[in-house]
Amino acid sequence: MKNMETNPKLRNVAIIAHVDHGKTTLVDAMFRQSGMFREGAVLQDRLMDNMELERERGITIAAKNCSVVYKGIKINIIDTPGHADFGGEVERALTMADGALLLVDASEGPLPQTRFVLQKTLQAGLPVMVVINKIDRKDARPAEVLDEIYDLFIDLDAADEQLDFPYLYAIGRDGVAMKEPGDTAEDLHLLFDAILDIMPPPRFDPAEPFQMLVADLGYSDYVGRLAVGRVFNGFVKHRQELVCLSEENKPVPLKVTKIQSYEGNSLVEVDGAGPGDIVVLAGIDNVTIGDTICTINAPKALPRVRVDDPTVSMRFGPNTSPMAGKEGKLVQSSKIEERLFKETLLNVGIQVEMAEDRETYVVKGRGEFQMAILVETMRREGFELTVGRPQVIFKRQNGVLTEPIEHLFIDCSEEFMGIVTEKISIRKGKMTNMVNKGTGRVRMEFSVPSRSLIGYRDEFLTDTKGTGIMNSILEGYGEYRGDFPSRFSGSIVSDRAGAAVAYALFNLEPRGRLFLVPNEPVYEGMIVGEHNRENDITVNPCKEKKLSNVRASGKDDAVTLTPIKHLTLEQALHFIKEDELVEVTPKSLRLRKSVLSGQARHQMRNANAKAKAQESV
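Worth saying up front: this structure is predicted, and the values here are computed from it rather than measured. Sequence order as written defines the numbering, with residues in each chain counted from 1. Per-residue local features of the predicted model are confined to residues with pLDDT of at least 70, and side-chain atom pairs are confined, for both listing and counting, to 80 or more; whole-chain, interface and lining totals are unaffected and use all residues. Values reported for side chains reflect all heavy atoms of the structure, with hydrogen atoms and water molecules removed beforehand.

### Describing the overall build of the chain
Heads up, the condition is: The numbering of helices and of strands both runs from the N terminus, where a helix is a DSSP run of H or I of at least 4 residues and a strand a run of E of at least 2. Note on classification: 1.4 Å probe, protein chains only; a residue is buried when its accessible area is under 20% of the maximum for its type, exposed when over 50%, partly exposed between these limits. Here a residue-residue contact requires only that any non-hydrogen atoms of the pair lie within 4.5 Å.
Looking only at helices and strands, one finds 15 helices and 37 strands in the chain. Looking at the chain residue by residue over its 617 residues, the buried ones come to 52%. Taking the intrachain contacts of the chain between residues at least 6 apart in sequence as the baseline, contacts between residues at least 24 apart amount to 72%.

### Describing the nonpolar core
We count it as follows: Nonpolar cores are built from buried Ala, Val, Leu, Ile, Met, Phe, Trp, Tyr and Cys residues. Side-chain atoms within 4.5 Å join them into one set.
Counting residues in hydrophobic clusters, the biggest one holds 42 residues, and the most contacted among them are Leu102, Leu118, Ile132, Ile149 and Phe153. In terms of residue count, helix 5 (residues 142–155) provides more of this core than any other element does, five residues in total. In contact with Leu118, not counting residues within four places along its chain, are Ile16, Leu102, Val128, Leu152, Phe153 and Leu156.

### Things to note about unusual backbone geometry
Here Lys71, not a glycine, exhibits a phi torsion of approximately 55°, which is positive. Positionally, Lys71 belongs in the loop between strand 3 (64–70) and strand 4 (73–79). We note that Asn519 has phi near 75°; this positive angle belongs to a residue other than glycine. Along the chain, Asn519 falls in the loop between strand 32 (512–514) and strand 33 (521–522).

### As for helix 9 (residues 368–380)
Definition in use: For a helix, the expected span equals 1.5 Å multiplied by the number of residues minus one.
Here helix 9 spans 18 Å end to end across 13 residues, near enough to the 18 Å set by a 1.5 Å rise per residue. Taken together, the buried positions of helix 9 are Glu368, Phe369, Gln370, Met371, Ala372, Ile373, Leu374, Val375, Glu376, Met378 and Arg379. Of the residues flanking the end of helix 9, it is Gly382, one or two places downstream, whose phi is positive at about 100°.

### Focus on the side chain of Arg379
To keep things clear, this is the line we draw: Counting of polar contacts relies on pairs of N or O atoms within 3.5 Å, with two restrictions inside protein: one atom must be capable of donating a hydrogen and the other of accepting it, and residues adjacent in sequence are counted only when both atoms are side-chain atoms.
Structurally, Arg379 can be placed in helix 9. Classification of Arg379 as buried rests on a relative accessible area of 13%. Among the polar contacts made by the side chain of Arg379, one reaches the main-chain carbonyl oxygen of Thr585 at a distance of 2.8 Å. With residues near it in sequence (within four places) discarded, Arg379 still touches Val584, Thr585, Pro586, Lys587, Ser588 and Leu589.

### So, the packing of aromatic side chains
Note the cut-off: Stacked, tilted and edge-to-face are the three classes applied to pairs of Phe, Tyr and Trp rings, where Trp contributes its six-membered ring and a pair requires centres within 6.5 Å; stacked means planes under 30 degrees apart, edge-to-face means over 60, and tilted covers the rest. Ring-over charges, as used throughout, are those where CZ of Arg or NZ of Lys falls within 6 Å of the ring centre and within 35 degrees of the ring normal.
Applying the stated criterion across every chain, the model contains eight aromatic pairs. Pairing Tyr167 with Tyr169 gives two aromatic rings, centres 6.0 Å apart and planes at 80°, and the pair type is edge-to-face. Tyr167 sits in the partly exposed class, given a relative accessible area of 30%. Lying across the ring of Phe232, Arg230 places its NZ or CZ 4.8 Å from the centre.

### Re the pairing of strand 13 (residues 241–245)
Test applied: A pair of strands is considered paired only if DSSP assigns at least 2 bridges between the two.
Across the five residues that make up strand 13, a large majority, four, are buried. Bridge count between strand 13 and strand 14 (residues 251–255): five bridges; the pairing is antiparallel. Its bridge partner lying in strand 14, Val243 is registered against Pro253. Taking the residues that link successive antiparallel strands as the turn, the strand 13-strand 14 hairpin has five residues, and the phi of Asn249 there is positive, at about 65°. Note: strand 13 against strand 19 (residues 292–295), four bridges, orientation antiparallel. From the neighbouring strand, Leu245 faces strand 19, where its bridge partner is Thr292.

### Brief notes about the pattern of salt bridges
Pairing of side chains with opposite charge becomes possible as their charged atoms draw close. Filter applied, for reference: Salt bridges, as used here, are contacts in which a Lys or Arg side-chain nitrogen is within 4 Å of a carboxyl oxygen on Asp or Glu.
Throughout the structure, instances matching the rule amount to 26 salt bridges. A salt bridge links Asp463 to Lys423; the shortest N-O distance between them is 2.8 Å. Residue Asp463 is found in helix 12 (residues 456–463), and its partner Lys423 is found in helix 10 (residues 417–426); the two are separated by 40 residues along the sequence. Like Asp463, the residue Lys423 is buried in the burial classification. Between Lys593 and Glu580 there is a salt bridge, and its shortest N-O distance comes to 2.9 Å. Of the two residues, Lys593 sits in strand 37 (residues 589–593) while Glu580 sits in strand 36 (residues 580–584), which places them 13 residues apart along the sequence. When its relative accessible area of 1% is taken as the criterion, Glu580 is described as buried. Through salt bridges that share partners, Asp105, Lys134, Arg137 and Asp139 make up one connected network.

### Concerning the packing of helix 8 (residues 333–346) against helix 9
The test is simple: Think of each axis as a best-fit line through the C-alpha atoms, taken over the contacting stretch in the case of a helix, with angles from 0 to 180 degrees between the N-to-C directions. Throughout, the term roughly parallel applies to angles under 35 degrees, roughly antiparallel to angles over 145, roughly perpendicular to angles from 65 to 115, and oblique to all others. Left-handed describes a crossing whose near helix is turned anticlockwise from the far helix by less than a right angle; the clockwise case is right-handed. Side-chain classes follow a simple rule in which Ala, Val, Leu, Ile, Met, Phe, Trp, Tyr, Cys and Pro form the nonpolar group, Asp, Glu, Lys and Arg form the charged group, and the remainder, Gly included, forms the polar group.
Relative orientation of the contacting elements helix 8 and helix 9 amounts to 130°, with a least axis distance of 12 Å. Judged by the angle between their axes, helix 8 and helix 9 are oblique. The hand of the helix 8/helix 9 crossing is right-handed. Of the residues in helix 9, those touching helix 8 at Ile336, Arg339, Leu340 and Glu343 are Leu374, Thr377 and Met378. Here the residues of the contact of helix 8 with helix 9 sort into four nonpolar, one polar and two charged.

### With respect to the environment of Thr288
Mapped onto the secondary structure, Thr288 falls in the loop between strand 18 (278–282) and strand 19. Between the alpha carbons of Thr288 and Asn347 there is a distance of 9.8 Å; along the sequence they are 59 residues apart. When sequence neighbours within four positions are dropped, the list of residues in contact with Thr288 reads Val214, Leu217, Arg304 and Leu345.

### Some details on the side chain of Arg389
The line we're drawing: Note on charges: Lys and Arg go in the positive column, Asp and Glu in the negative column, and His and the chain ends are not counted at all.
Following the sequence through the fold, Arg389 ends up in the loop between strand 23 (385–387) and strand 24 (391–392). Although buried, Arg389 forms no salt bridge, and the nearest oppositely charged side chain, Glu578, lies 4.0 Å from it. Within the local environment of Arg389, its side chain forms a polar contact with the backbone oxygen of Ile454, the two atoms lying 3.5 Å apart. In this structure Arg389 touches Ser313, Met314, Ile454, Ser486, Leu573, His574, Ile576, Lys577 and Glu578, once residues within four positions along its chain are discounted.

### Observations regarding the state of the cysteines
How we decide: Pairs of cysteine sulfur atoms within 2.5 Å are identified as disulfides in what follows.
All told, the structure shown has zero disulfides when counted by the stated rule. Free of any disulfide, Cys294 has its nearest neighbouring cysteine sulfur in Cys244, separated by 8.0 Å. A relative accessible area of 0% means that Cys294 is categorised as buried.

Written out as structure tokens, the structure reads:
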């Protein structure tokens, strides 16, 4: 056994939880109470959610680092996302931690993403401390939730030491922690003390040379590429000559121009770093997540960060509509390619490949929500692009076609149970469990193909009148369950370019739900609405009222149109069929056919019908 030593002046802790169980709010309270900010300083809420999209949506998208100092010991905190689509962020963040704080809502209890993040933590062999948060909720049930957490640990085959986890109760919003729900508490000192007592300090081998595992990348306009990671062994100093070991174990020489460490939620420059420190090194150009930075004399790679395979793909391409280039600054295919490959450097959960047509790119990731976040980010950066419908990634195992299967959890009122079960069974879902505790709400569990859930979330909210809660977690790959219709309605497609006219739209309203308002520009092949029936129809939304000198009572009444609800990006991605695209620009979202010409679409339909007829013969 190696003579391992510890660094008692440090603790590296990852905070893990399901979405909206209070991670970021708890970190805010830890900041305030650790003396990181001066008395009376005005602080914004959710300090760690510093991305615009994170603050808008109220979720954590990227794992981030910060630190607090308590009783002279530095506690590095890694705030992780709670959504399974950003699982790659969780996996790379856990490489920097020596222990984890699991937050669970005192009312909702462990949910699918709780299972996901906890499973990754247990697999990494980290000790876990449980914090049952939001115990001030009226519907809080802390004792039952604690039992459910024990069940979850057992279910995930936790080791005996992990199963004997310590736990505290907290109200993150008020910044208090206590041993029992009824105790009075004024601050988080119990939580801080527990972290110091329970979380192990970083261990290192004094005989090993300097080794740092790159877990994140950044960029500074002043010093260039930044490598963020944890020092596992040895020491590093300013201006030291080092090497970076890539996936092929090829050493790339580099010189560290700047070493920074986290102090609160900001970075400060330091002269050097030792074992257990989470640092940011500048002066490294060709580095990717998972690389090892070490000394020239003794280059030795650490195990790379490994993430789960992607399950969903989406096609990205340049905007080819007649309105291309009118609203965005970045429209070239080469710019889109450059941006997508930059994303793969920063996000271990994303893969990018050139499509067969050599003009579009297939982006692979964990879920359609992750894809939507990437598209929305690019849109805000000034890109114009077209994206296709999210598709699941099929695999062939032992000659059998398999697809990703999700474990779906649904909580809804009893009255909506029938419609929910019917819709999921149409989508090849199988009910595995149902619990009705007589409260008026039921909890149901289903095994469903991942492709069933693409587009179903919006429908589910409509069916349950906004009161249903739906969560899912990937179970793995299972045998292909067969085809089912992704949409029961067709599209209303414009047959010409121009501006939409109120008179034409008024006459189209009986045909279905419209997506545009008068004077909005349209072009041939653009989808202007959802047809009531299954087939697509081609219409003229620019048709004006014929003028004549014959007037009759009521003929010139003002046209009153039904107000429309513009689709969000996620709704647009869920709505489109395989032969349709979403045109995304910084100002607009438009739906369109992938082939704009009506004549070309007609010829393609005829050719497909002939091919099918010949096959049947």
